[in-house]
Number of protein chains: 2
Amino acid sequence: MTAVLKILEKYAESINHELEETLSTISPPRLHESSNHLIKAGGKKIRPVLAILSCDAVGGKPENAFKTAAAIELIHTFSLIHDDIMDKDDMRRGKSSVHFIWGEPMAILAGDTLFSKAFESIVKTQLDSGSPEQIIKALDAVADSCVKICEGQACDMEFEGNFMVSEAEYMNMIYKKTAALIAAATKAGAILGGANPSQVDAMEEYGKLIGLAFQIQDDYLDVVSDESALGKPVGSDIVEGKMTLMVVKTLENASKEDKEKLISILQENNLGRVGEAITIFEKYGSLEYTHQVALDNVRKAKQLLDILEDSEAKKALLLLADFVLERKI
Amino acid sequence: MTAVLKILEKYAESINHELEETLSTISPPRLHESSNHLIKAGGKKIRPVLAILSCDAVGGKPENAFKTAAAIELIHTFSLIHDDIMDKDDMRRGKSSVHFIWGEPMAILAGDTLFSKAFESIVKTQLDSGSPEQIIKALDAVADSCVKICEGQACDMEFEGNFMVSEAEYMNMIYKKTAALIAAATKAGAILGGANPSQVDAMEEYGKLIGLAFQIQDDYLDVVSDESALGKPVGSDIVEGKMTLMVVKTLENASKEDKEKLISILQENNLGRVGEAITIFEKYGSLEYTHQVALDNVRKAKQLLDILEDSEAKKALLLLADFVLERKI
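Residues numbered from 1 in each chain as written. Chains lettered and ligands numbered in written order. Predicted model: local features only at pLDDT ≥ 70, side-chain atom pairs only at ≥ 80, totals over all residues. Heavy atoms only, no water.

Novice: Hey, could you go over the overall build of chain A for me, with residue numbers and the actual values?
Specialist: For chain A, the count of helices and strands is 16 helices and two strands. Radius of gyration (C-alpha) of chain A: 20 Å, near the 20 Å computed for a compact globule of 329 residues. With respect to the principal axes defined by its C-alpha atoms, chain A has extents near 65 × 50 × 35 Å. The buried share among the 329 residues of chain A stands at 59%. Restricting the contact set of chain A to residue pairs at least 6 apart, pairs at least 24 apart contribute 74%. Total accessible area on chain A is roughly 13,000 Å²; 49% of this is exposed by carbon and sulfur atoms. Averaged over its 36 positive side-chain charges, chain A has a centre that lies 2 Å from the centre of its 52 negative ones. (Helix = DSSP H or I, 4+ residues; strand = E, 2+ residues; numbered from the N terminus. Rg over C-alpha atoms; globule rule 2.2 N^0.38 Å. Buried < 20%, exposed > 50% of the residue type's maximum accessible area, 1.4 Å probe, protein only. Contact = heavy atoms within 4.5 Å. Areas by Shrake-Rupley, 256 points an atom, 1.4 Å probe, with all protein chains shown as cover. Lys, Arg positive; Asp, Glu negative; His and termini not counted. Charge placed at Lys NZ, Arg CZ, Asp CG, Glu CD.)

Structural data, given as structure tokens:
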């Protein structure tokens with residue numbers, strides 16, 4: 001763990017500097033403050049670090065990816081601000097959410113501004129630190145992931161109260177909503193580092209797999225962790241009736257009776273019935289299955305890095321793959 | 001007028017085809033429908049036509065600007081969708097607004113999706129129809145205008161109920177909110193057409209000036225037109241207490257007594273007092289002043305086109321400069 005934190009720390013200053021510079025000129029003051037709020041509230045900045053390490057690991061200069069790394073963090077933050085409006089979440093990163101403080105109109109604009117700034121940031125990548133063709137390819141990867149983020153969030157909204165979602169549909173939703181931006185980070189980083197096409201594909205797939213693993217593990221930890229580690233009651237997803245891989249898998253395999261019981265629990269919004277739901281998950285092996293899928297994704301992600309020569313950056317990418325199973329990113 | 005409509009018609013099919021293709025792959029269906037709603041509701045598509053004509057007028061192939069032209073229309077539409085949420089407007093282009101039909105969360109996402117697609121579209125400009133350096137410069141112009149649109153909308157929100165706004169602040173607000181995207185259209189078009197730096201600057205300034213003229217004239221027409229031409233009661237801006245160049249100019253020049261009277265009218269939300277406000281505007285010459293500023297901007301915009309060799313596209317740009325004074329764009 002300490003090793004990972006050291007890696008994250010190593011680039012924190014450069015990323016924060018890049019973000020600060022990019023956002024410094026925004027006016028009027030209320031838009032400046034609301035756009036900066038979540039950026040300043042912290043977050044581990046694992047996405048931008050993945051972009052920088054991917055650039056480094058294929059033989060590029062890390063700084064060539066700084067502006068794209070910042071863009072990835074801006075896009076992540078933009079999506080959090082808009083998601084919080086849509087989901088009516090009043091808290092984020094231990095602070096009040098943007099719309100809670102500044103109201104919805106300003107929060108919509110703050111998100112839009114970060115989104116605009118993200119593209120401005122990539123475009124301003126010094127042409128001497130990457131060929132124009134590379135910059136366009138990096139932009140393509142990032143723009144494509146933005147479309148997917150929107151589609152993933154829309155799917156997630158569509159899934160609410162729909163108990164017919166298949167495993168493939170669920171995986172496609174979390175790919176778009178969560179993994180696509182991480183895949184864009186590692187892909188764009190590799191492109192800007194001068195990777196060959198096979199390396200670019202491998203790095204994109206690596207990002208996708210650890211992104212999927214993170215989301216699946218997040219679902220899993222909600223049920224198997226304790227309250228102090230989670231910072232919220234065990235089984236919150238069950239209480240909220242959220243679609244998770246455990247739910248999808250159980251509904252696929254369970255008897256008619258257990259299926260109906262699980263659906264009634266998911267619809268009931270009752271913390272007292274979390275234990276019953278977990279018992280049903282266990283009966284059909286859905287907990288082990290979910291954990292195994294997360295582990296498999298991480299294992300495959302690490303294997304993909306065989307395409308890279310040994311380096312400190314490669315070591316860091318291997319460590320970060322395991323890290324997504326442990327902590328909120 | 002007919003000449004202008006012919007110009008707009010000439011490119012309508014290409015632009016609509018480009019938009020349709022760009023948006024065809026969006027899923028799930030609700031996101032696809034909500035994203036397409038305003039695009040299909042019409043609009044004159046004057047912004048994309050300006051991009052294409054600017055490319056053509058500097059000697060480029062019009063089709064080199066098609067994807068960027070589509071992107072400009074996508075960004076315009078994205079900003080309308082989000083503005084309608086912020087302003088709680090239930091109608092747009094004679095139809096129900098996106099949030100009115102699909103709800104705010106889906107409308108936020110529909111806007112975000114169009115925004116993402118805009119950048120995807122520019123990036124996908126065939127490299128053989130423009131050098132990568134040109135595509136990056138075009139992207140830079142467009143991304144920069146997106147930041148300005150957000151800043152302009154935030155300023156507009158800040159101005160509500162603020163009667164100390166100066167003429168310079170007002171002009172800066174409408175530049176960012178309305179003119180910057182039009183300037184990006186003409187600038188990006190010129191870049192993709194292979195314009196030299198002086199031509200690029202002139203085309204950007206041309207776009208900015210006709211954008212300003214359009215907004216100022218829009219304010220002016222609200223007071224001097226009749227209801228049938230406007231499609232809404234004369235003086236709606238006054239009833240809504242909107243900041244316009246007439247208001248800013250009058251508050252700058254009026255006696256203490258007239259100033260207080262005008263402010264009380266703007267705060268009262270009363271259609272019956274529109275006439276009184278217009279009388280005060282006239283007393284201080286604010287109507288003539290406003291109309292003159294719009295005319296001056298159009299005149300200067302047309303002069304800037306002297307830098308271009310004579311062509312059909314140049315003729316069209318001259319006609320379009322006058323057109324912004326006459327009709328909703």
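Novice: So, the pattern of salt bridges: which residues are in play, and what are the values?
Specialist: Applying the stated criterion across every chain, the model contains 46 salt bridges over all chains. In this structure, Lys148(A) engages Asp144(A) in a salt bridge whose closest nitrogen and oxygen atoms are separated by 2.7 Å. Of this pair, Lys148(A) and Asp144(A) are both found in helix 7 (residues 132-159), four residues apart, which corresponds to roughly one turn of the helix. Here Asp144(A) falls in the partly exposed class, since its relative accessible area comes to 30%. Across the pair Lys302(B) and Asp322(B) runs a salt bridge, and its minimum N-O distance is 2.9 Å. A residue pair is termed long-range when its members are at least 10 positions apart, and Lys302(B) in helix 15 (residues 286-304) and Asp322(B) in helix 16 (residues 312-323) qualify at 20 residues. Looking at Lys302(B), the relative accessible area reads 26%, which means it is partly exposed. Asp322(B) sits in the partly exposed class, given a relative accessible area of 29%. (Salt bridge = Lys/Arg side-chain N within 4 Å of Asp/Glu carboxyl O.)

Novice: So what's going on with a negative patch on the surface? Residues and values would help.
Specialist: All names here are of chain A. Residues Asp 87, Asp 89, Asp 90, Glu 160 and Glu 240 make up a contiguous surface patch of negative charge. Within the element layout of this structure, Asp 87 appears in helix 4 (residues 66-87). Residue class for Asp 87 comes out partly exposed when judged on its relative accessible area of 40%. (Patch = residues over 30% accessible without salt bridge, like charges linked within 9 Å, V, L, I, M, F, W, Y side chains within 5 Å.)

Novice: Can you explain the relation of the copies chain A and chain B? Please cite residues and give values.
Specialist: Aligned on chain B, chain A shows an RMSD of 0.0 Å; the corresponding rotation is 180° and the shift along the axis is 0.0 Å. Accordingly, the operation relating the two chain copies is best matched by a two-fold axis. Of every C-alpha in chain A, the one belonging to Pro132(A) sits nearest the axis of rotation, 2.8 Å from it. Of the residues that chain A buries at the interface, 100% are likewise interface residues in chain B, meaning the two copies contact each other through the same surface. (Least-squares fit on C-alpha atoms with pLDDT ≥ 70 in both.)

Novice: Which residues make up the packing of aromatic side chains, and what values do they have?
Specialist: According to the stated counting rule, one finds six aromatic pairs over all chains in the structure shown. With a centroid separation of 4.2 Å and 5° between ring planes, the pair formed by Phe78(A) and Phe115(A) is classed as stacked. Here Phe78(A) is found in helix 4, whereas its partner Phe115(A) is found in helix 6 (residues 104-123), with 37 residues between them in sequence. Ring geometry for Phe119(A) and Phe119(B): centres 4.0 Å apart, planes at 5°, overall stacked. Here Phe119(A), found in helix 6, pairs with Phe119(B), found in helix 6 (residues 104-123), and the two come from separate chains. Classification of Phe119(B) by relative accessible area gives buried; the value is 1%. Among the aromatic residues, those joined into a ring-pair cluster are Phe78(A), Phe115(A), Phe119(A), Phe78(B), Phe115(B) and Phe119(B). Over the ring of Tyr175(A) we find Lys208(A), and its NZ or CZ is 4.4 Å from the ring centre. (Phe/Tyr/Trp six-rings, centres within 6.5 Å; stacked < 30°, edge-to-face > 60°. Lys NZ or Arg CZ within 6 Å of the ring centre and 35° of its normal.)

Novice: Any chance you could break down the interface of chain A and chain B for me, citing the residues and the numbers?
Specialist: Every contact between the two is made by 43 residues of chain A and, on the other side, 43 residues of chain B. Summed over both sides, the interface between chain A and chain B buries roughly 3,700 Å², with carbon and sulfur atoms accounting for 73% of that surface. If you look at where chain A meets chain B, you find four salt bridges. Across the salt bridge formed by Lys124(A) and Asp140(B), the nearest N and O atoms sit 2.7 Å from each other. The tally of links between chain A and chain B comes to 10 residue pairs in polar contact (both at pLDDT 80 or more). For the side of chain A that touches chain B, the elements supplying multiple residues, two or more each, are helix 2 (29-40), helix 4, helix 6 and helix 7 of chain A. Counting residues per element, the side of chain A that touches chain B draws most heavily on helix 7 of chain A, at 17 residues. Taken together, the residues of the side of chain A that touches chain B break down into 25 nonpolar, six polar and 12 charged. (Buried area = accessible area lost by both parts, 1.4 Å probe. Polar contact = N/O pair within 3.5 Å; in protein donor to acceptor, adjacent residues only side chain to side chain. Nonpolar A, V, L, I, M, F, W, Y, C, P; charged D, E, K, R; others polar.)

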